[in-house]
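Residue strings, one per chain:
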Amino acid sequence: MRFFATSPPTTHTTMTTDPKQAPSKAEATLSTSAEAIEEKVKAKKAKAVIQAPPDVATAYLIVRAALTSVLGLPVTGGNACYASAFQNIFLKEPHTGKFSLSLGKKRGEEFAAVPLPESSDDTTKLWDALESACTAMADAAEAIRVTQLPLSSIVQLYGSTALDSSYSKVKNPDQLNPELAQLGSLLVASPPGRPYCSAKGISVRIDRSQSSVTAGKKSRKAEVTLKFVVSQSQPDPEPSLAQLENGVVFEVHPSWSMSEIRLDQGHELKNSMEEVKQDFTAPLEATNAVPGQDDGAVGDDDMVVNVESVSGKIDYTRLVRQFGSSILTEDVLRSFEAAAALPLHRFLRRSIFFSHRDLHTLLDNLAKGSKFYLYTGRGPSSSAMHLGHLIPFLFTKYLQDAFGVPLVIQMTDDEKFIFKGEYDEESGYNLEHFQHLTIENAKDIIACGFDFNKTFIFSDMDYVGTMYPNIVKIWKACTVNSVNGCFGFDGSSNSGKIAFPAIQAAPSFASSFPNVLQADMLCLIPCAIDQDPYFRLTRDVAHKLVSKSHPLGGKPALIHSKFFPPLQGAMGKMSSSDENSAIFLTDTPQVIERKIKQHAFSGGRETKEEQRELGANLEVDVSYQWLRFFLEDDEELDQIGKDYATGSGTYWSTGAVKNRLIEVLKDLVMQHQERRAKITDEDVRKWMQPRRLL
Ligand code: TRP
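As the structure is a prediction and not an experimental result, all values here were calculated from the model.

Further remarks concern the sheet that holds strand β7 (residues 186-190). Spatially, β7-β6-β5-β11 is the arrangement adopted by the four strands of the open sheet, whose pairing is mixed. Looking at which strands have only one partner, the edges of the open sheet turn out to be β7 and β11 (243-244). Both strand β6 (residues 179-183) and β7 contribute to a ladder of five bridges, which runs antiparallel. Within the sheet, the bridge partner assigned to Ala 181 lies in β7 and is Val 188. Contacting β6 and β7, helix α3 (residues 54-71) runs over the sheet at an angle of about 135 degrees to β7.

The subject of this paragraph is the pattern of salt bridges. Applying the stated criterion across every chain, the model contains 28 salt bridges. With its nearest N and O atoms 3.3 Å apart, the salt bridge here joins Lys 270 to Glu 422. Of this pair, Lys 270 sits in helix α6 (residues 264-281) while Glu 422 sits in the loop between α12 (413-420) and β18 (423-424), and the two are 152 residues apart along the sequence. A relative accessible area of 17% places Lys 270 in the buried class.

To continue, consider the packing of aromatic side chains. Tallied over the entire structure, the rule returns 36 aromatic pairs. Taking 5.4 Å as the distance between ring centres and 90 degrees as the angle between the ring planes, the aromatic pair formed by Phe 417 and Tyr 429 counts as edge-to-face. Taken together, the positions of Phe 417 in helix α12 and Tyr 429 in strand β19 (residues 428-429) put the pair twelve residues apart, joining distant regions of the chain. Taken together, the aromatic side chains of Phe 336, Phe 347, Phe 353, Phe 372, Phe 395, Tyr 398, Phe 403, Phe 564, Trp 626, Phe 629 and Phe 630 make up a single cluster linked through ring pairs. Over the ring of Phe 323 we find Arg 536; its NZ or CZ atom is 4.8 Å from the centre of that ring.

Let's shift gears to the environment of Thr 124. With respect to the element layout, Thr 124 can be found in helix α4 (residues 120-140). Its relative accessible area of 37% is what places Thr 124 among the partly exposed residues.

This part covers the sheet that holds strand β15 (residues 353-357). Ordered in space as β14-β15-β22-β21-β16-β17-β20, the seven strands form an open sheet in which the pairing is mixed. One side of each edge strand has no neighbouring strand; the edge strands of this open sheet are β14 (326-327) and β20 (455-459). Of the strand pairs in this sheet, strand β21 (residues 522-528) and strand β22 (residues 557-561) are connected by five bridges, and their pairing is parallel. The partner of Pro 526 across the bridge, within β22, is Ile 559. Seen against the sheet, helix α17 (residues 532-541) touches β15, β16 (372-378), β21 and β22 and runs at an angle of roughly 165 degrees to β22.

Around the ligand sit 14 residues, and of these Tyr 375, Gln 410, Glu 415, Gln 504 and Gln 531 come closest. Here Gly 379 contributes a backbone N or O atom positioned 3.1 Å from an oxygen atom of the ligand. Between the ligand and Gln 504, the relevant distance is 2.8 Å, taken from a nitrogen atom to a side-chain nitrogen or oxygen of the residue. Calculation on the ligand without its partners gives an accessible area of 360 Å², and the protein chains cover 90% of this total. Those elements that provide at least two residues to the shell around the ligand are β16, α12 and β21. In terms of residue count, β16 provides more of the shell around the ligand than any other element does, four residues in total. For the shell around the ligand, the class distribution of residues is four nonpolar, seven polar and three charged.

Before going further, it helps to examine α12. Residues that lie three or four places apart on an α-helix share one face, since the helix turns once every 3.6 residues. Judged by how many residues are buried, α12 sits mostly within the fold: six of eight residues are covered. Those residues of α12 lying buried are Asp 413, Asp 414, Glu 415, Lys 416, Phe 417 and Phe 419.

Rules used in this analysis
Residues numbered from 1 in each chain as written. Predicted model: local features only at pLDDT ≥ 70, side-chain atom pairs only at ≥ 80, totals over all residues. Heavy atoms only, no water. Pairing = 2+ DSSP bridges. Helix = DSSP H or I, 4+ residues; strand = E, 2+ residues; numbered from the N terminus. Contact = heavy atoms within 4.5 Å. Axes fitted to C-alpha atoms, helices over the stretch in contact; angles between N-to-C directions. Salt bridge = Lys/Arg side-chain N within 4 Å of Asp/Glu carboxyl O. Buried < 20%, exposed > 50% of the residue type's maximum accessible area, 1.4 Å probe, protein only. Phe/Tyr/Trp six-rings, centres within 6.5 Å; stacked < 30°, edge-to-face > 60°. Lys NZ or Arg CZ within 6 Å of the ring centre and 35° of its normal. Near = heavy atom within 4 Å. Polar contact = N/O pair within 3.5 Å; in protein donor to acceptor, adjacent residues only side chain to side chain. Areas by Shrake-Rupley, 256 points an atom, 1.4 Å probe, with all protein chains shown as cover. Nonpolar A, V, L, I, M, F, W, Y, C, P; charged D, E, K, R; others polar.

Rendered as structure tokens:
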């Protein structure tokens, strides 16, 4: 009788209700005045529990289960998270329901395995993940089991997480007999008689305009408010999937009391939220960029560069001083130009590659007949690479062409697993995830146009054996203290982190590639400056790995780049978890245009008049800065800079500069996509095959 799939909302007067809703003694002694009657009517109404229609009641369970599983909330025990009472909005708007889940303080971090999103893009990702999780749960169509137990037993057996806020302050819990519904790992207590139906065929949409996430730095409370809309694609003819078993005690899995993601959608959500975050923090992550006396802070007070964060304007001159590298001077550039078969790359003309170690020594030796090879790498942390990731590879390709030299590219899938990997009770460690990303990222790297006959790409996971003799020598040469001091690790770091630097160091020695390179070749490493700590360490022990005749005592030479600024601007705080901070190599022309128009930080003025009078601040203007990276023509860049800085000519306004940037990037990204689309897994295997390079 209880399982009507399509019955209208019913009013169900309960025998035992929340004491808050029971008539008070004072009320009972009221006279029969008009107010008293009104009061009685009110009290009667309050006593009535309005039951949701079965589809809404069932969808509520599905949505709550999905939310709990995706965010990885504990479902039993403790007082982790309270749901608000289920709101009766279906009375006004059929097939809808609303509730909120409160997750304690800050970003729900103390309970949830996936911290609540702070940006609107991440919130969208949460809704997407939820909808997809709801579909998965409805498809799996587990039986909803219902039992009736005293409130006090529910709390005792399962903790108070199963209760909603209307039960949270009940005085005499023994007098209340709510029904406890179970769907998967979710347990929800509700007033008796809630008419659940089968979950099968129910589909749920999140009404995004009326759902929200309250979390973030300022709010003290973390809360998710959800309005959902139900449709039943095929109402199940056998709603008896939901079972009522009075007095039955449900078994709970021990892991239900832990913060643990229980659905793939949760893992995907977490990864996708972190990917973007990682992309901007990764360069400095794992590298205590500034070892030494001060705590990693460089430059003025508001500039921070350390393992955890990068913010403020980066003072590159000071960074170079602290690192102990050298500024790429006119002199060095001139000898570089003399040795190279190509004119200076725009990255060199515009000081984007700006610092080095022993580049002049390498060039001197080149003149004396020494040979060198190039070494660079990528930690495959996300499948979609962005423009910033392209910089070192574009430059390395130029170096290969300019010097006609061999190149080895290290894919540190091991590194990313050690730093970012996850363990899941069911599926174990996700090491394969990073091995797969290696293949995907390798395609983007190959698409940069390297010379196949001169390039060897390798994954640490498969090639490490050949490098092993060098790795053990480096381990033997480095103390744990020197590694910890350089990278900011300590005794609580997993031991893989402490072992890893030797693995990034090893490719700096030609002897790590016995069948690929000639022994004792010199090595030049193009990389972003944050990678320098690895090679400082390498250079310190290098003499122990080569023969005495090595012209640089085994030390690799380096050439360092500056960071590529995020769309929101290099001066402000990096919006690390915002997908709109970057242009991905997979973005469509429309997305590129939208991101730049909406998000590229402008150094232009508020009004047209001011802009005409004062011109833009080029240093903080992201569109102009990005053009410095990608617009080849010096004259044009110069013209744009002049116009924009003075508020005159063709490029007087932000709009005009943005339009030019959009053209340049659409071109670049579309061409990249075309080249990448042609690269197969089989091709990648060929590039990753050890073979003698010319
Ligand atoms: N650690 C680098 C990263 O996280 C990858 C890398 C390995 C690398 N070897 C390198 C980068 C050599 C530059 C040069 O991206």
